[in-house]
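Understanding the architecture of this molecule
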Amino acid sequence: MENVFNGKWIAPAEINKNLHAVFSKAFCIDEAFENARIRISADDYFRLYINGEFVGQGPAPSYSFAYNYNEFDIKSYLKIGENEIRVIVYYQGLINRVWVSGDNKVGMIADVFIDDEPALATDKSWKYQIDESFIESETVGYETAFLENRDLRIPLGKAKNAVEVNHGYIFKSEPFPAVQITPKKAEPVIKGNTYFYDFKQEYVCNIKINACCNEAGKRLIIRCAEELDENGSLRFDMRCGVKYEEYCILDKGENTMEQFDYKALRYLEITADEGIEINAEILIRHYPFADFSFETANKKLNSVLNLCKNTILLGAQEAFVDCPTREKGQYLGDTFISGFAHYYLTKDCRLLKKALEDFANSIKHSASFLAVAPCAYHQEIADYSLLFSNAVYKYFSLTNDIEFLKKMLPAIDFINSYYAEFEDADGLLINADRQWNLVDWPENMRDDYEFTDKHCVLNAHYINSVIYEEKIKDALGIEYKNKSQALIKSFNNAFLSEKTGLYVDNSFCTHSSIHSNMLPLAFGISNNTEIADYLVKRGMECSPFMAYLFLKALCVSGREKEALSFITSDKKHSWMNMINEGATTLFEAWGKDEKWNTSLFHPWGAAPLLIYFEYLEN
């Protein structure tokens, strides 16, 4: 960590929610040059333009003590003579899962280098103007985003000198990759004054509209949707609880409206007043990714893997978002699936490494290990916390990054020490419910799991966390007292039924959910292959998220053939069921009606990718 900038942090004098401030600086280049680059960051987010051309955007969300920045090659944007940099800086100001916002930290910082020499830096001589065309403050999702209702008749505010401030940011030593932006058009179906666009699959994107208007004050209504309703109309009041309906009031002549925040959509509908001509496109965005298609001999497997791949590609933004509509947050449980799927697809570990660091850094930020990070929202989920050591060791096994392993060990110690406080005389967790005991989600995917103060799933997760802490200490050559074997013995005494040979949900019941039985196999607590027979017989009575551990339990028991059959199944709980319901990205649940607010874009269902690369590819 270091201060990598020469420039000063500059901010507007005003601080409001949903604030769009436009910073600008003119500068002159007197002679020819070989190279030019800009180093830049902002809080919460920026879009960079040089001489009117879009260059890039960022930064990836992060905590102020480990802040991200971007670097761009800008040689092609500059010219000899007068140049102008314009940076739109957005401050959302909400407490949600998206950014570490709501903290009154606003502004930007930048350095320009010409032929590797400092040429320009942010300071109080830079000007800013407030864009007051964003005229309402209605939010969508879990207060995830503001609707972008605009009045383009309102000009930029008066230019003022920026204010130099010191918010104490500590920047990472390396820039983080900016998202890849790809424009995409679709031929609209025009009926009267309504333009209907079908982009053929769901994308994560910004919307850009050019509108020529014959009279100031006319308006557009903009609606987006993941699907159509039974009448063929846009379902813009979506299943996931997000209502994508906005308006824009136009000025006379040419109007350009490029939405700042991203949406997930397949369909776009623009209804215009008379006298308006429309030209629209979407700007697809995601972490840099070289796309490809799976082509195995199994056509159903190809369909499932490509569905997963499309979702992972688009769900990897500057973090692994759990869904790009309702939450837009990076959850550890989701990242346990999507992060490794992304690594297998790309062999690029940077986004996964950043995600694991984000969760470790949540301890310093909040004095707790958070389930979603980095952001201003505080949520703790026991099952997710206890997956962290597994994820860190798995990352190490793929990258051999021993220094990263050392760096993550304190966070793992923090987690396991926290849960050790809930141990009973046998070492098992009891009344450990200060963090949410999830088991599975949604609730109807728990296979009638029976909770008590000491239950099977939480203790399986705890033992798994201890096992991987011991593996990490082995890798680092750190001495420790073995704890996992005694925990496994206590676990079997408490939850393994002598009568059935299956694990029960708690020691007071006879119910054996698939969750209580998949985890001991998947985590190496048990090697009883008869339990795998039970899982095959019962089927995937779990969510798409927990399907990874279900399939892993089969594979470690030598049931790869059965795992493949579940991946390519047409049953109700299957990926083919999503495809048969029209999915172009993974659903949150197995079908559209299996959860009251189902997201139709949820990367946590990408288990087939992990199983394919870990067990089936060869």
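Residues numbered from 1 in each chain as written. Predicted model: local features only at pLDDT ≥ 70, side-chain atom pairs only at ≥ 80, totals over all residues. Heavy atoms only, no water.

1. Points about the overall build of the protein
- Broken down by element type, the protein carries 14 helices and 23 strands.
- Against the globule reference of 25 Å for 618 residues, the protein gives a C-alpha radius of gyration of 26 Å, in line with a compact fold.
- Counting across all 618 residues of the protein, residues that qualify as buried make up 62%.
- A separation threshold of at least 6 residues defines the contact pool for the protein, and within that pool the share at least 24 residues apart is 75%.
- Surface exposure of the protein reaches about 24000 Å², of which carbon and sulfur atoms provide 46%.
- Put simply, the protein has 64 plus and 90 minus side-chain charges, and the middle of one group is 1 Å from the middle of the other. (Helix = DSSP H or I, 4+ residues; strand = E, 2+ residues; numbered from the N terminus. Rg over C-alpha atoms; globule rule 2.2 N^0.38 Å. Buried < 20%, exposed > 50% of the residue type's maximum accessible area, 1.4 Å probe, protein only. Contact = heavy atoms within 4.5 Å. Areas by Shrake-Rupley, 256 points an atom, 1.4 Å probe, with all protein chains shown as cover. Lys, Arg positive; Asp, Glu negative; His and termini not counted. Charge placed at Lys NZ, Arg CZ, Asp CG, Glu CD.)

2. Quick word on the sheet that holds strand S10 (residues 127–130)
- Here we have six strands laid out as an open sheet, ordered S5-S4-S7-S2-S10-S14, and antiparallel in their pairing. Single-partner strands in this sheet number two, and they are strand S5 (53–58) and strand S14 (160–161).
- Here four bridges tie strand S2 (residues 19–29) to S10, and the two strands are oriented antiparallel to one another. Paired with serine 24 across the strands is lysine 127, a residue of S10. (Pairing = 2+ DSSP bridges.)

3. Describing the packing of aromatic side chains
- Summed over the entire model, instances satisfying the criterion amount to 43 aromatic pairs.
- On the numbers, 4.2 Å between centres and 20° between planes, the contact of tryptophan 9 with tyrosine 169 is stacked. Linking tryptophan 9 in strand S1 (residues 9–11) with tyrosine 169 in the loop between strand S15 (163–165) and strand S16 (180–184), this pair joins segments that are 160 residues apart in sequence.
- We classify tyrosine 169 as buried; its relative accessible area is 11%.
- Relative to tryptophan 99, the ring of tyrosine 45 lies with its centre 5.9 Å away and its plane at 35°, an arrangement referred to as tilted. Highlighted residues: tyrosine 45 in strand S4 (residues 45–50) and tryptophan 99 in the loop between strand S7 (81–91) and strand S8 (107–114), separated in sequence by 54 residues.
- Every member of this aromatic cluster is reached through a ring pair, and the members are Phe5, Trp9, Tyr67, Tyr69, Tyr169 and Phe171.
- Residue placement shows arginine 97 over the ring face of tyrosine 377; its charged tip is 4.0 Å from the ring centre.
- In this structure, lysine 471 packs its charged tip against the face of tyrosine 468, placed 5.7 Å from the ring centre. (Phe/Tyr/Trp six-rings, centres within 6.5 Å; stacked < 30°, edge-to-face > 60°. Lys NZ or Arg CZ within 6 Å of the ring centre and 35° of its normal.)

4. Description of the side chain of aspartate 131
- Along the polypeptide, aspartate 131 turns up in the loop between S10 and strand S11 (139–140).
- Classification of aspartate 131 as buried rests on a relative accessible area of 17%.
- Side chain to side chain, aspartate 131 and serine 133 meet in a polar contact 2.7 Å long.
- Those residues in contact with aspartate 131 that sit more than four places away from it in its chain are His20, Arg150 and Leu156. (Polar contact = N/O pair within 3.5 Å; in protein donor to acceptor, adjacent residues only side chain to side chain.)

5. Some words on helix H11 (residues 547–556)
- Burial analysis of H11 places nine of its 10 residues in the buried class, the great majority of the element.
- For H11, the complete set of buried residues consists of Ala547, Tyr548, Leu549, Phe550, Leu551, Lys552, Ala553, Leu554 and Cys555.
- Glycine 558 sits one or two residues past H11 and shows a positive phi near 80°.

6. Points about a negative patch on the surface
- There is a patch of like negative charges on the surface, built from Asp30, Glu31, Glu34, Asp115 and Glu117.
- A residue is classified by how much of its surface remains accessible, and glutamate 117, at 52% relative accessible area, is exposed. (Patch = residues over 30% accessible without salt bridge, like charges linked within 9 Å, V, L, I, M, F, W, Y side chains within 5 Å. Salt bridge = Lys/Arg side-chain N within 4 Å of Asp/Glu carboxyl O.)

7. Quick notes on the environment of lysine 364
- Relative to the helices and strands, lysine 364 is located in helix H3 (residues 350–366).
- Residue classification places lysine 364 among the exposed positions, given a relative accessible area of 62%.
- It is 9.1 Å that separates the C-alpha atoms of lysine 364 and phenylalanine 65, two residues lying 299 residues apart in sequence.

8. Remarks on the pattern of salt bridges
- Under the defined criterion, the tally for this structure stands at 40 salt bridges.
- The closest approach of N and O atoms between arginine 239 and aspartate 593, which form a salt bridge, is 3.0 Å. Here the residue arginine 239 occupies a position in the loop between strand S19 (219–225) and strand S20 (245–249), and aspartate 593 occupies one in the loop between helix H13 (575–580) and helix H14 (607–616), the gap between them amounting to 354 residues.
- Of the residues examined, arginine 239 reaches a relative accessible area of 16% and is grouped as buried.
- For glutamate 327, the salt bridge is made with arginine 326, and the minimal N-O distance between the two is 3.1 Å.
- The buried category is assigned to glutamate 327, whose relative accessible area is 7%.

9. A few points about the nonpolar core
- The biggest cluster of nonpolar side chains holds 165 residues, and the ones touching the most others in it are Ile278, Phe388 and Trp575.
- Ignoring any residue separated from it by four or fewer positions in sequence, one finds tryptophan 575 in contact with Val304, Leu307, Met540, Ala547, Leu551, Phe566, Ile567, Leu586, Trp590, Gly605, Ala607 and Pro608. (Core = buried A, V, L, I, M, F, W, Y, C linked by side-chain atoms within 4.5 Å.)

10. Some points on helix H7 (residues 456–476)
- A rise of 1.5 Å per residue sets the reference length of H7, with its 21 residues, at 30 Å; its end C-alpha atoms lie 30 Å apart and thus fit the reference within 8%.
- Once H7 ends, the next one or two residues include glycine 477, with phi positive near 70°. (Expected span 1.5 Å × (residues − 1).)

11. Overview of the state of the cysteines
- The tally for this structure, following the rule as stated, stands at zero disulfides.
- Sulfur of cysteine 213: no disulfide; nearest cysteine sulfur belongs to cysteine 212 and is 7.7 Å away.
- Take cysteine 213: its relative accessible area is 3%, and that puts it in the buried class.
- Unpaired in terms of disulfides, cysteine 248 finds its nearest cysteine sulfur in cysteine 213, a separation of 9.7 Å.
- For cysteine 248, a relative accessible area of 0% gives the class buried. (Disulfide = S-S within 2.5 Å.)

12. Points about the packing of H7 against helix H9 (residues 514–522)
- With their axes 9 Å apart at the nearest point, H7 and H9 run at an angle of 15° to one another. Taken together, the axes of H7 and H9 are roughly parallel relative to one another. Remark: the crossing between H7 and H9 carries left-handed chirality. Side by side, H7 and H9 meet where Cys456, Val457, Ala460 and His461 of the first sit next to His515, Ser516 and Leu519 of the second.
- Here the contact of H7 with H9 is composed, by residue class, of four nonpolar, three polar and no charged. (Axes fitted to C-alpha atoms, helices over the stretch in contact; angles between N-to-C directions. Parallel < 35°, antiparallel > 145°, perpendicular 65-115°, else oblique. Left-handed = near helix turned anticlockwise from the far one by under 90°. Nonpolar A, V, L, I, M, F, W, Y, C, P; charged D, E, K, R; others polar.)

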